[in-house]
Structures are given as structure tokens and as C-alpha cells.
Amino acid sequence: MSIGSGNSSSNSVPDLQAIVDRVVAKASKGEQIEAYVSRGGETAVRVYEGEVEHFVSAQSEGVGIRVIKDGRTGFAYAGTLDADAIAEVLADARDNVAFGTPDEYAGLAEPDGVAQIPQKFWDDELAGYATADKISLTKELEKLTLGMDSRVRVEESNYDDGWGEVAVATTTGIRESGRGNSCYVSVSTLADDGDETQTGFSFSVGDSPNEFNLPKAAREAAERATRLLGAVKPPSKRTTVVLDPYVTSQFLGVLSSTLNGENVSKGRSFFADKLGETVADPRITLVDDPTNPLAYTATDIDGEGLAARRNVLIENGVLKMFVQSSYSARRTGTKSTGNATRGGFGGTPGVGCLAMQLQPGTQSQEELIKGVDDGVWIQMVQGLHSGVNPISGDFSTGASGMMIRNGAVAEPVREFTIASTLQRMLLDIVAIGGDIDWLPSRAVGLTLVIRDVTMSGQ
Amino acid sequence: MTINASISTSGNLVEADVIAKVLAKGRATGAEFSEIYIEDKRSTSAGLDDGKVEQVTSGRDRGAGIRVVAGETTGFAHTSDLSERGLLAAAEAAAAAARQGDGGVHKIALQPLLRHPVNNVRIAPSDVPKASKVALLERANAAARSIDGAIVQVSAGYGDSYKRILVANSDGVFSADDQVRTLFRVSVVATGDAGMQTGYDSLGHTIGFEVFDENDVEEMAIRAAKQAIAKLQARPAPSGLLPVVIKQGSGGVLFHEACGHGLEADLVGKGASVYRGKMGELVASPLVTLIDDGTMSGEWGAIGIDDEGHPSQRNVLIENGILTDYMWDFLRARKENRPQSGNGRRQSYADLPMVRMTNTFVTNGTEDPDDIVRATEHGVYVAKLGGGSVDTASGDFVFGMVEAYLIENGEITEPLRESNLIGNGPQVLKDIDLLGNDFAMGNPGMCGKDGQGVPVGDGQPTLRVKAMTIGGTAA
């Protein structure tokens, strides 16, 4: 969910802001304090065989407090906004300070004068959407999916929405609050042919349920599963892969940690000494741009409360910069790029890309496939967390998809892997699609063609 | 559990009479079942990176989840407000979500509180000074860096948690458990001519700080460092089908993915498992007996009761290759009119329970592990597996190998770079052709399903799979 900050009065959250202001006011001399609070709610509807399987309606809240003194950091959190609990959290965080190692770079972000770019994060239509309508559209999605193909069953049809409010304040002058809401539907399918079963999925996102495209989600989920029926294990060989937009988004997500300034400064990125060098095919321009309102993870502030901004990381194949939080920037003698990340009240800020986008090409996926003599169209990868090492660059994942012969889509294939190294794959990109898909992810999707990848099967 | 005496008495998270009122409220709209799960968890963690203790973190999570079942529909709400008013409001929300006509007035009769302790904690982590926890990190850091100048980065993490749960339902179930977990991990980066490589080791148990009397964090750090150093010389992993020998205690994740998830009754019930309708059939090599056991004292997946209040138990899933049972939670067992198996688990009070594994393992065979390697002319020896994942409907699964070697002429030779292995569950289970006599449990795991993570253990003796696809790049 994107949380907007409080530039406009309609978007700020005065009662949460007051809580963090009160905590920060308790700082004693020589003590830096950051207080972060959040409050939110969710609705989840799951439909199975025409009935509501579950309906979840829940609210949660919490506080996280960071204290820094003499270069030592302590942190504590609690899943409540009860005043006594907040006092206990502050006491725990102060107590924890004694156990940190002094770090000359430890500290909180300071306002840097970069202006926020206002965006809309709250949708009144979603906030007012009736429960009964949420249930009926979840049922509708199941029904539409079943209607696509007689071989298709629906494992689950889901509607999820959430709203959140956050506030952050620091002794260094950061003071932000905001709120946001979001929603999506998703459907998981099974397609049967005799003893064989294959799976598919799809989803649709929107500012409000009125923007969902249920027929498209239903069709994709049915096609993903039925296309794989009869799939065989392919022979092992070197080949060209055509990554579906969803797979490209996952691939970019893996690259994110190599462009992280903290990893670079701690010797955990193979890009460490490559600034200014060609690291990718010249067709590649990679930006991180949370200020683009089309991005699912668009935001106006980062995890430390600094303005989010557009950063060009790779330009025409040349590595231009790394993303930084205030901490990693101090370590490396640079400035924050507005890329602090935050997982909620239970954690301290990290560093990361917020909304990665590849500059798109012009061709459709169909045209790109036509340009491939011999290859495989990868529709799904499995095991990105287990066979990809962003430090060494080794890349190996399970995959399924369709063979491509002479520019035409041929038989379905499954139970194989694709492997290379991240370093080589960036240089081996031979085409970029124009088919941008703003997926619910930190990286945009589009079709990507990469040559000389090892396919392991038979 | 010995630490109970000082900090816990029966049901004091919320009084029994309040619980009975909340459960009755949950049934007020006609639901036939209501349940409350209350959790109070305190945790401490500390991380070291780049030679510095970054910070110590103290965490507190407390709340209740209320589940109401009417026919096939489950309503669920959770709250961090444990007052009577807060709980009744959540019960009302859950009941409204599962509305089934007019329910009338219900009286809930709770059974006497059930406790079923399986773990024996000697030193409660909360009684250990934070400085002692931080010292472990510094010792691991120094040990890893002492091995070789090629070690350029070390990070280490310590974590402990103390979670008290109380579960009650309208059928009278009333159970409590105190769950302690202690975890340590270390990861290193080594650099050489061919780039950087990583090494990793971890340990986790459902006991207290005494875990460090039996396990030396310096030895763990040295193992991780040596793993990274060895990989600096590694050649690309092969591409294609080869025999794979998996070292004792390092490959339980294979069974977790190849069949564990497929034996979860919620997936079976929806026809989303390749093992559906296979009860009583031969689904694996006759060498394989697979067990899920929540009572294994001290192991990472051990629990006194599951998160539906059912005592943990030992369940034989596959016996000599024959499928003997699936794993069950309340809803799926109710539907099949059979007993639960202690496998209903959830990440926290904010989540619905579902069927999950606990400690899943394959029992001993008879082979000497060295003979298994000697019997393999050309293949891959996996000394440490990473994570994995599975598509339960097709049975296709992957898992990563983070430390592996070539086997040439019956001997372990050169180190290999990381890659995934891929296989089809039923096929791989049948292709297990040698099983060792050296059973060991593996590293602590965090299993993800439907967005929820729960701690699980796994284990196996050294074994061989006749052929699996290695996803490397070498011919």
C-alpha cells in the first residue's frame, strides 16, 4: 500500500502526528529519537464454489521507536498505541542503546529541502465500497473464470483491500503523516486433463473496485493453467528466453539488492567498483521512480520521511548511481536519494529501490516472439529465493512456459531450469518490449528477451 | 516447561468467564462454531554487520483472533485490545461476517485447561543479560574473520521469543502453551579472483539459552566461512539429469517440498495436490517412511498444542512407500468427520489457521553413508540445501543447493557454484534408491504458505535420488 504524506490537510493524520510529536519531545540532551506509528485495517474475502469461504475484517496498530546516543542505536516496538505501552517501548529502546557498537555514521535523516511531488493515495470510492459488493465481485470473478474453459477449476477467488495511516517524527526535524488505501482481486486456477493438473493465477488492481478488469483476470488465469496441459520436460541446451512481464518484474526485483548503496559499501554487490562502466546492453535504461503515479508502489516520501524522487540507475547500459538512505549516504560520502525502505512499525529503515522501471521498447510481445528463431517463452519461474545469489550473481530458477520455433509459439514445457549469471544476463538482453504492465510489485513488468541462457531439462 | 512457574498461571491472559462470553457472542448470529486465540509474545533480537552490533530490538505483540464458522463460511476478526469490550467487539465483527440467520443464546462450557508441554526450557532467554546475547555475535564475527583474509564481510543475528498462547472454542476446547524459541545465524562473504561467494549457517531450537552450551557459535561461523572459501574455487554446476546424493540433515526440505505440502488436507480437499486420492497406494520408494512430529522435544517445529488448541502428535504420513495419512486441521477434519492431527497452525493472532507441517522427516535406512557416495560413479553431492518451493497440483518443485560438490568415480571432488534443482514430487520419491543409517535433523526453517510464515523443522539420513535435473550452466 502507498501511504501519502501530509502536505495537504485532507491527507494528514493529526492524532497520529500528535503521538509521535509527544514521543520526540521526550528526548534528553544528546539523544536523537525517531518515532513511527501506524494504524490500518483490512478486508479479505475468499470465495470457493460459489460460497464465501472466509471473510476477514481486522484492524491493527503499532509503534516503533529508535533512539541514538553517542553513535549507538537501540530500537523497540509494540503492536499497540496504548499510552503505557508507548512509554514502555521508549524505555526499552533507550535500554537497548547500551548494547550497540558506536558507529560514526549512525543517525537520523535530516530535512534536505527536496520538495515532495503530491500524489493521490486515498480513494473515497474504495473507502465507501459496500461489503456485499466486495463479496459479489469475488463471486463474479470465480464465475467468469470457470466460464472460460470447461477444464478449469478455481482453487480460490480473492478480494483484498486495506487502508493505513502513518506518522513519523524525529528530533532532527522530520515531521510527516499521511494515509492511503488500496485494493486488488486475485484468482488461482487448476486445469485438469486426465491425471494431469496444471495451475494458473491472475489478478487485477485499481484505485477502487470500479477499476478492476475481471474478464481479463479470469481469461489470464484460465489460459495460464490450460496452456501448460500436456507440457513436457524439454531437452537441455543453450537458448534464448522471452520473459513474460510478470517474470521480468521478479528479475528486476532480484537486481534491486545489487544497486543498494548499503550493500555496495559493505562489499555485498558485484557492482561495487563499476560506477561509470557499461554493465548492461546499451538498450537498457533503468530508473527508480516512485514519483510516477502509475507505479503500484508510488509514494511521496521514503521510509525516513524524505521526499521520494526519480533516480536514473543505469543509462544506456552504463551504471550511473546507487540508491541511498541517509545512513548509507553518510557511509559513502554521498546524499540520500530518498530510498529508505521500511517494513512497518516493527523494523528500522533499510535501503532499496522503491519503484523500478525499465525504459520500454516499442514492440509487442507477439512481435518479439516472432523475432526469436529458437527459444522458450518463460511464463513462470519458481525458486527465485533459493537458486539466485545476488552477491555472487549466480542465477538458476525453475521455470515453465512454451517453446518458440521459427518465431512461432510451439509446445508447452515444464520441470526445467534456466540459468546464467545476473552480470551476463544484463549484457545479454537483446530486446525490450513496449508492453508495460504496472504490476502490484516494486518493479514494473514488460517483455524482455535474453540470449544465451542455459535451459536444463532432460 | 520449568519457566512456567514464575510467569504463567492457567488462562491469565484473559479470564475464563470472559472467554466464554466472547465465544457465546461469536455464535449469536447462528454460527455453529466460535473460537478465540490469544497471543502474548515478547521477542529480543540483535544483529551484527560490518563488524558492528547494529542494534538490539525489543518487540511486543499481543492480541486475539476470533473465528466463527457457519456452514462452509468462516468469519474472522482480530484485535490488539484484550479488554472484555475489545474482545466482544471483535467477536461481533467475526459473527457478522459469518451470519447464518438467527442463532439465539448459547452457553459455552469450557473443559479444564489443557497443557501438553513437549519442550524443556532450562534457561529462559528473558533471564539472560542482553550483553551475553550481543557477545555471541561478536564471537561469531571474530571467528569467521580469523579463518582467512578472503573473508570480507560477516553478518550475524541472534533472536529469541517467548510466546504464550491460549485457545478456546465453543466445543469446550480450552488449551494453553508457552513457546520459547532461540535462533542464531551467521552469513559471510568471501572474495577471490572469480568474484564473491557466500557461506551460511544457522541453528534454532524450542529451548532457551542453554542451546549455546551444546552449540558453539564460533564453530558455526567457521563452517560458514569455510563454505564460502570452498566456493571461491567452485566451477559452474552441471546442466541436466544426474544422480544426486544429499548429506544427512541437509535435505529435509526436499521432502517438505516433494510431498509435505501435497499431504496437507486443505490442498488435498480442493483437488490441488498431486497426492489426492492416493491413500493406501505406493507413492514413494519402499525405503521411505515419512513422519510429521510436533512432539520432537527441542526441535524448531515442536509445539505443545497447535494453534487450534489440539495437542501436538506424531503422524506417520508415508510408511515403507505407502501413503498412510494426510495432515489435518479443525475445518478439514470436521468436513471428513475424522480426528485432527495437531497441524492447525497460524503465524500470529492476526491470521487464520490452516494445515501446516511441524517437524517433517524421513527415518533411517540401512546403508553406510560412505557406501552411498562410493556407489555413485558420476553425480552431485549436496552438503547443504537452501530453500525450495512447490506447485502442489502438478508436483513440480525446486530447491537450491548452497554447498555442493561433484562426485567422480565414487569420490567427492570439486565444489560447485549455486543452482536450483528441479523435479516432480512423486517421481523423485520413487527414485530414492539408497537410504543411509545416519539420520540427522537439519537447520531451522520458516515455511511460507498463503502469506503466513511458521517455524518448521526437517531431517533425513544421507540418501540418493537416482536422477534429478541440476539447473547449472556447465555442459
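Note that the coordinates shown come from a computational prediction; the quantities given were computed from them, not determined experimentally.

Caption draft 1: Region of the structure containing the overall build of chain A. The number of helices and strands found in chain A is 10 helices and 18 strands. The C-alpha radius of gyration computed for chain A amounts to 24 Å, which stays within 12% of the reference 23 Å derived for 458 residues, consistent with globular compactness. Residues classed as buried in chain A amount to 56% of the 458 residues present. The contacts in chain A between residues at least 6 apart in sequence include a share of 71% that link residues at least 24 apart.

Caption draft 2: Expanded view of the overall build of chain B. When its secondary structure is counted, chain B shows 11 helices and 22 strands. Relative to the 2.2 N^0.38 estimate, which gives 23 Å for 475 residues, the radius of gyration of chain B is 24 Å and therefore close to what a compact globule would have. Among the 475 residues that make up chain B, the fraction classed as buried is 60%. For chain B, long-range pairs separated by at least 24 residues make up 76% of all intrachain contacts whose partners lie at least 6 apart in sequence.

Caption draft 3: Summary view of the nonpolar core. With 225 residues, the main nonpolar core has A:Val20, A:Ala35, A:Val37, A:Val242, A:Ile378, B:Ala94 and B:Val380 as its most contacted residues. Those residues in contact with A:Val20 that lie beyond four places of it in its chain are A:Ala35, A:Tyr36, A:Val37, A:Ala167, A:Val168 and A:Ala169. Ranked by size, the runner-up nonpolar core spans 29 residues in total, among them A:Phe99, B:Val53, B:Val154 and B:Ile222.

Caption draft 4: Up close: the sheet that holds strand E13 (residues 356–358) of chain A. Residue and element names in this part refer to chain A. With respect to topology, 4 strands assemble into an open sheet ordered E10-E9-E8-E13, the strand pairing being antiparallel. Two strands lie at the open edges of the sheet, namely strand E10 (318–319) and E13, each paired on one side alone. As defined by bridge partners, strand E8 (residues 286–288) adjoins strand E9 (residues 311–315) across 3 bridges and the pair is classed as antiparallel. Opposite Val287, over in E9, you have Val312 as the bridge partner.

Caption draft 5: Fine view of the pairing of strand E15 (residues 394–405) of chain A. Residues and elements named next belong to chain A. The element E15 is largely enclosed, with a buried count of 10 among its 12 residues. Strand direction decides the pairing type here: strand E14 (residues 374–382) and E15, joined by 8 bridges, are antiparallel. Bridge pairing links Ile378 to Gly401 in E15. Here 10 bridges tie E15 to strand E16 (residues 408–421), and the two strands are oriented antiparallel to one another. Bridging from a neighbouring strand, Gly398 pairs with Thr417 of E16. Here E15 hands over to E16 after 2 residues, with Asn406 in that stretch at a positive phi of 50 degrees.

Caption draft 6: Spotlight on the domain arrangement of chain A. All names here are of chain A. Domain assignment breaks chain A into domain 1 (14–225) and domain 2 (231–458). Counting residues at the interface gives 26 residues for domain 1, matched by 25 residues for domain 2. Listing elements by their share of the side of domain 1 that touches domain 2, those giving two or more residues are strand E1 (31–48), strand E2 (51–69), strand E3 (72–78), strand E5 (175–193) and strand E6 (196–206). The element that contributes the greatest number of residues to the side of domain 1 that touches domain 2 is E2, accounting for 4 residues. Taken together, the residues of the side of domain 1 that touches domain 2 sort by class into 16 nonpolar, 6 polar and 4 charged.

Caption draft 7: Representation of the interface of chain B and chain A. Each side of the interface is counted separately: chain B has 67 residues, and chain A has 61 residues. Of all the elements, strand E2 (residues 52–70) of chain B adds the most residues to the side of chain B that touches chain A, at 12 residues. For the side of chain B that touches chain A, the residue count by class is 22 nonpolar, 31 polar and 14 charged. Here E2(A) runs beside strand E3 (residues 73–79) of chain B; their pairing, made up of 3 bridges, is parallel. Among the inter-strand pairings, A:His54 is bridged to a residue of E3(B), identified as B:Thr74.

Caption draft 8: Structural context of the domain arrangement of chain B. Residue and element names in this part refer to chain B. With domains assigned, chain B is organised as domain 1 (4–232) and domain 2 (239–471). The partner domain 2 presents 25 residues to the 37 residues of domain 1 that form the contact. Listing elements by their share of the side of domain 1 that touches domain 2, those giving two or more residues are strand E1 (33–49), E2, E3, strand E4 (151–169), strand E5 (174–192), strand E6 (195–205) and helix H6 (217–232).

Caption draft 9: Main features of the packing of helix H2 (residues 16–26) of chain B against helix H3 (residues 84–97) of chain B. All names here are of chain B. Interhelical geometry of H2 versus H3 gives an angle of 20 degrees and a closest axis separation of 8 Å. Accordingly, the angle class assigned to the pair H2 and H3 is roughly parallel. Note that H2 runs across H3; the crossing there is right-handed. Here Val18, Lys21, Val22, Lys25 and Gly26 of H2 come into contact with H3, specifically with Glu84, Leu87, Leu88, Ala91, Glu92, Ala94 and Ala95. Here the residues of the contact of H2 with H3 sort into 7 nonpolar, 1 polar and 4 charged.

Caption draft 10: Quick look at the environment of B:Glu264. Residues and elements named next belong to chain B. Mapped onto the elements of the fold, Glu264 is located in the loop between helix H7 (252–260) and helix H8 (265–269). Taking the number of C-beta atoms within 10 Å as the measure of exposure, Glu264 has 25 and is therefore buried. Taking the C-alpha atoms as reference points, Glu264 and Arg276, 12 residues apart in sequence, are found 10.0 Å from one another.

Caption draft 11: Layout of the pairing of strand E21 (residues 452–460) of chain B. Residue and element names in this part refer to chain B. Counted residue by residue, E21 has 7 buried out of 9 residues, so it is predominantly covered. Two strands pair when backbone bridges link them, and strand E13 (residues 359–362) and E21 are joined in this way by 3 bridges, in the parallel orientation. Its bridge partner being in E21, Phe361 is matched across the sheet by Gly459. Across 2 bridges, the pairing between strand E19 (residues 440–441) and E21 is antiparallel. Of the residues in E21, the one forming a bridge with Ala440 is Gln460. Hairpin connection between strand E20 (residues 445–449) and E21: a loop of 2 residues separates the two successive antiparallel strands, and Asp450 in this loop has a positive phi of roughly 50 degrees.

Caption draft 12: A look at unusual backbone geometry. Of note, the phi angle at B:Asn337 is positive, near 55 degrees, even though the residue is not glycine. Positionally, B:Asn337 belongs in the loop between helix H9 (330–336) and strand E11 (344–345).

Caption draft 13: Region of the structure containing helix H1 (residues 14–24) of chain A. Residue and element names in this part refer to chain A. Taken together, the buried positions of H1 are occupied by Leu16, Gln17, Ile19, Val20, Val23 and Val24. Taken down its axis, H1 places every buried residue within 155 degrees of arc, on the same side. Residues of H1 that are exposed and point over 90 degrees away from its buried face: Pro14, Asp15 and Ala18. In this structure, the buried side of H1 is in contact with E1, E2, helix H2 (83–97), strand E4 (152–170) and E5.

Caption draft 14: Quick peek at the packing of helix H4 (residues 130–147) of chain B against H6(B). Residue and element names in this part refer to chain B. One can describe the packing of H4 onto H6 by two numbers: an axis separation of 8 Å at closest approach and a directional angle of 35 degrees. As for the relative orientation of H4 and H6, their crossing is right-handed in sense. On the side of H4, the interface is formed by Leu136, Arg139, Ala140, Ala143, Ala144 and Ile147, while H6 contributes Val217, Glu218, Met220, Ala221, Ile222, Ala224, Ala225, Lys226 and Ile229.

Caption draft 15: Structural view of H4(B). Residues and elements named next belong to chain B. Taking 1.5 Å of rise per residue, the 18 residues of H4 would be expected to cover 26 Å, and the 27 Å separating its terminal C-alpha atoms lies within 8% of that figure. When we look at burial in H4, the residues that qualify are Lys133, Val134, Leu136, Leu137, Ala140, Asn141, Ala143 and Ala144. Close packing links the buried residues of H4 with E1, E2, E4, E5, helix H5 (211–214) and H6.

Conventions and cut-offs
- Every chain is numbered independently, its residues counted from 1 as its sequence is written.
- To label them, take the chains in the order written and letter them from A, then take the ligands in the order written and number them from 1.
- Local features in a predicted model are, by the rule used here, given only for residues with pLDDT of at least 70; side-chain atom pairs are given and counted only at 80 or more, and totals for whole chains, interfaces and linings are based on all residues.
- Secondary structure counts use DSSP, requiring at least four H or I residues in a row for a helix and at least two E residues in a row for a strand, with both numbered from the N terminus.
- To get the radius of gyration, use the C-alpha atoms; to get the globule rule, take the number of residues to the power 0.38 and multiply by 2.2 Å.
- Residue burial is a threshold on neighbouring C-beta atoms within 10 Å of the residue's own C-beta, all placed from the backbone, with 20 or more meaning buried, 12 or fewer meaning exposed, and counts in between meaning partly exposed.
- Working definition of a contact: two residues with C-beta atoms, positioned from the backbone, lying within 7 Å.
- For our purposes the nonpolar core covers buried Ala, Val, Leu, Ile, Met, Phe, Trp, Tyr and Cys residues that link as a set through C-beta atoms within 7 Å.
- Pairing between strands is defined by DSSP: at least two bridges between the two strands are required.
- Note that the domain bounds reflect an automated or database-derived domain assignment.
- The nonpolar class holds Ala, Val, Leu, Ile, Met, Phe, Trp, Tyr, Cys and Pro. Asp, Glu, Lys and Arg form the charged class, and all remaining residues, Gly among them, are polar.
- Axes, fitted as lines to C-alpha atoms, cover a helix only where it is in contact. Angles between the N-to-C directions of the axes lie from 0 to 180 degrees.
- When describing relative orientation, an angle under 35 degrees is termed roughly parallel and one over 145 degrees roughly antiparallel, while 65 to 115 degrees is termed roughly perpendicular and anything else oblique.
- By convention the crossing between two helices is left-handed if the near helix lies anticlockwise of the far one by an angle smaller than a right angle, and right-handed if it lies clockwise.
- Of all possible arcs, the one meant is that of the directions from the helix axis to the C-beta atoms.
- By definition here, a helix of n residues has an expected span of 1.5 Å times n minus one.

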